[in-house]
Amino acid sequence: MDLQFSKEDEAFREEVRTWLEDNLLGEFAQLKGRGGPGDEDELIAERRAWEKRLGEAGWACVAWPKEHGGKSATLNQEVIFNEEYARSKAPGRLGHIGTELLGPTLIHFGNEEQKKRFLPGIVDASELWCQGYSEPNAGSDLANVQTQAVLDGDEWVINGQKIWTSHAHVAQWCFVLCRTDTDAPKHKGISYILVPMNQEGVEYRPIRQMTGNSEFSEVFFTDARTPKENVVGGINAGWKVAMGTLAFERGASTLGQQLAFNSEMDIILEAAKETGASKDPLIRQKLAALKVELNIMRLNSLRTLSHSETNELGREAMINKLYWSNLHRKMGEVAMEILGQESLVRPETEGYDLHKLQRLFLFSRADTIYAGSNQIQRNIIGERALGLPREPKVSTKT
Amino acid sequence: MKFALNDEQEALAESAKRFLQEKAGCEAALQVMETEQGFDEAVWDTMASELGWTALTIPEAYGGYGLGYTDLIPLLEAMGRHMLCSPFFSSICMGANSILEAGTEEQKAKWLPEIAAGTSRATLAFTEAGGTWCADDIQATYTRTDEGFVINGTKHYVLDGHTAHLIIIAARAEGSTGEKGISLFVMDPASQGLSICAIKNLDQTRKQANITLDNTPLALSAQLGGQDLDWSIVQRILDLAGVALSLEQVGCAERCLQTAVDYAKIRTQFNRPIGSFQAIKHKCADMLVLVESARSAAWYAAWSATQSEALADAASQAQSYCSDALYSCAAESIQIHGGIGFTWEHEAHLYFKRAQSSKVLLGTPETHRERIAQMLEL
Ligand SMILES: Cc1cc2nc3c(=O)[nH]c(=O)nc-3n(C[C@H](O)[C@H](O)[C@H](O)COP(=O)(O)OP(=O)(O)OC[C@H]3O[C@@H](n4cnc5c(N)ncnc54)[C@H](O)[C@@H]3O)c2cc1C
């Protein structure tokens, strides 16, 4: 058992740290601490320029092969990059849907042309992506997607509606789960299709969230078109690809996220000292408990990492999403408790602006919903990690 | 970076499992726990002389194998899992550690070899009527005489106090207060003026005793380190015990989860296995989160035993989290088992009682969280 990173890895850490210090200056200095969850639709142009800077230096997608614009970093190094990125307070990654979801999916399931065509645009942030999975009637039950794609000569013609699409307002492209065989069983007739957003057939309407801002939208496809070759992983084979993307979404970057939570925790601790709440024995209990859970979040991830050679998701890997989403919610609640009456006072600005801890409190209600709700996570843990029987299917005929 | 067991530790886990499956387990516990002694002498002998478990963490210079604290992980987890009733914890994780951390070379050479061999069992008599592990709670006093010391006081809740061969008593210099003036003395249970009385415990699988010292005389050589101890040394001894208890708690919690899951797969009601009901399935999922997270905390604490600065924090983190985690798992396991989980013959109550006793044994989760709050300078 050894919890220290190797000398080479520490040298890599130093390299990342130095680069971030040297580059988060000038026009980018204002981005520190911005653009996280709940603050996603802010400073778009500036953050895009930052993404470009990252990409030019090879940091946008460190784990990708060098040929695709990455640094061929090992898993440990990827973790170190994420840790240092969070530590430096660099802005939330505007391109994360491309860098963390679509990119790895293409590297895994895409063909050579697709990799050549799309990966460079992710690396230099010239093309931002959004994820077109959820629909009004396909949320947790994702395989129920109804958006249709039909081949018309060399092009797919797409009709339907997506909802809760984060970043639709900034994205040039969307990866869309479409039904391409209406007669096949639910999971067998789905394709994973890449669709340009800037066309007449695509319209998005921002949806206002409980945080007051609009990070996600409804997206309507009305005879939208995309070239035939933009299907990933084969026609009607999209379910497997979609699940692959979700695995990247659930697995990646927990350690960087832990550090981001940790800096939120520092703000909470500071607030507790300032308000004097830290002298209250009950608050002390809650703060200590949060700190313990935060440390365990890191330790759980380190254990997951230590098993990465086996390529098999260990039991401890499956608990990560449920663990951090609950923890984050508790952090928001304790923060509000500490601030007392003051927690109800918003900044003196136009619109529905929020203080950082208020944003944490409100936004963390989403953490337990997206990327597999807590209930879905518990089903997955119960069935896959513990081998408990699935629920009996409800017959659809009445 | 590798936060996992190594091959030797995996092998130890395997052999511990094989031995304890046969010699421990709940049926054995239900019998042994009815005796006043509280453990099976033959099992102890095998653990000591054949398996060498008692020698594992004792340095080679004193007749041990000189392995590290992380090497206890597989053993302690397995002991918890199989509900082993044994003075291993008191003798090795409290007694031997006290001598190792506080003793002089001479004292270590005198007592550690017999503890390593299992021919002597040691325990730490620390808590008094207040039941806490704070310095202030130590009211037993010692006074210096011409030949040595005289000790007076009463020790409560001493683990295996009625069966130990070496009792390590915490006492303070008469007139001292707080963290100053605390000494540890190693004594023979047959000493003059010393009386030992076994307690009837809620958790019968872990025995305790009360010890009264009435002008008990001791030789000079009985004082560990030959002087009053720096409180940080005492704290380190308690933290090492806390780490060990956390590891045992992880094993217990994992067993609670396992039996609950096994039962949820085979018990059917309303024509379906109860494990297919989300109310049950989701409880099990939450238990897995607790078990794996408790394990991360306890392993980290074991690793921290060699990193002296990190130990205090890590030990309290592990103790607070593992105590709560085991309690939840033990409680939910009874619920998932329904009526059968409430019976004497079923193992669930053994784990529930063990959960409660472990939660109180070395400081409640609240005490540990308060300590963490202090370390956070709140
Ligand atoms: C901030 C945010 C950003 C998002 N971004 C995107 C995006 O970019 N792209 C995208 O495609 N989607 C996105 N989503 C959508 C998200 O993936 C869905 O909200 C999620 O999958 C849940 O689906 P739903 O909202 O339809 O809720 P439902 O699936 O209707 O769930 C409602 C409730 O029922 C419970 N439930 C459902 N099924 C079960 C079951 N089998 N057992 C027990 N309980 C169950 C759920 O846990 C939940 O509590 C985003 C959501 C949020 C909140």
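Calculation criteria
Residues numbered from 1 in each chain as written. Chains lettered and ligands numbered in written order. Predicted model: local features only at pLDDT ≥ 70, side-chain atom pairs only at ≥ 80, totals over all residues. Heavy atoms only, no water. 1 Å grid on protein atoms, 1.4 Å probe; cavity = no way out; pocket = protein on both sides within 12 Å on 5 of 7 lines; lining within 4 Å. Points joined across faces, edges and corners; volume = space filled by probe spheres on them. Helix = DSSP H or I, 4+ residues; strand = E, 2+ residues; numbered from the N terminus. Nonpolar A, V, L, I, M, F, W, Y, C, P; charged D, E, K, R; others polar. Contact = heavy atoms within 4.5 Å. Buried area = accessible area lost by both parts, 1.4 Å probe. Salt bridge = Lys/Arg side-chain N within 4 Å of Asp/Glu carboxyl O. Polar contact = N/O pair within 3.5 Å; in protein donor to acceptor, adjacent residues only side chain to side chain. Buried < 20%, exposed > 50% of the residue type's maximum accessible area, 1.4 Å probe, protein only.

Peer 1: Teacher, can you tell me more about the layout of surface pockets here?
Peer 2: Take a probe with the size of a water molecule and roll it over the atoms, and the empty space left behind shows itself. Its boundaries defined by the atoms lining it, the second largest pocket holds a volume of some 600 Å³. The wall of the second largest pocket is formed by 21 residues, among which E10, E77, R81, E254 and R295 of chain B lie closest to the centre. For the lining of the second largest pocket, the elements supplying multiple residues, two or more each, are α9 (315-318) of chain A together with α1 (7-23), α4 (72-81) and α8 (278-304) of chain B. Here the lining of the second largest pocket gets five residues from one element, more than from any other, and that element is α1 of chain B. Its residues assigned to classes, the lining of the second largest pocket shows seven nonpolar, three polar and 11 charged.

Peer 1: What am I meant to see in the interface of chain A and chain B here?
Peer 2: Interface size, as often reported, equals the accessible area lost upon joining of the parts. Facing 47 residues of chain A, the contacting portion of chain B comprises 45 residues. Together chain A and chain B conceal approximately 4,300 Å² of surface at their shared face, both sides included; 64% is due to carbon and sulfur atoms. Contact with chain B buries surface across chain A, with M1, R284 and R303 of chain A losing the most and accounting together for 19% of the total. For the pair chain A and chain B, the number of links is four salt bridges. The closest approach of N and O atoms between R378 of chain A and D286 of chain B, which form a salt bridge, is 2.7 Å. Our enumeration of links across chain A and chain B arrives at 21 residue pairs in polar contact (both at pLDDT 80 or more). Looking at the side of chain A that touches chain B, the elements with two or more residues in it are α7 (254-275), α8 (281-306), α9, α10 (320-339) and α12 (374-385) of chain A.

Peer 1: Before we go on, may I ask you to explain unusual backbone geometry in this structure?
Peer 2: Across residues other than glycine, the phi torsion is negative in most instances, and most of the peptide bonds are trans. Residues and elements named next belong to chain A. Of note, H167 is a non-glycine position whose phi angle comes to about 70 degrees, a positive value. Assignment of secondary structure puts H167 in the loop between β3 (155-166) and β4 (173-179). On the accessibility criterion, H167 (2% relative accessible area) is buried. At A371, a position not held by glycine, the phi torsion is positive, near 55 degrees. On the secondary structure map, A371 appears in the loop between α11 (356-367) and α12. On the basis of relative accessibility, which here comes to 15%, the residue A371 falls in the buried class.

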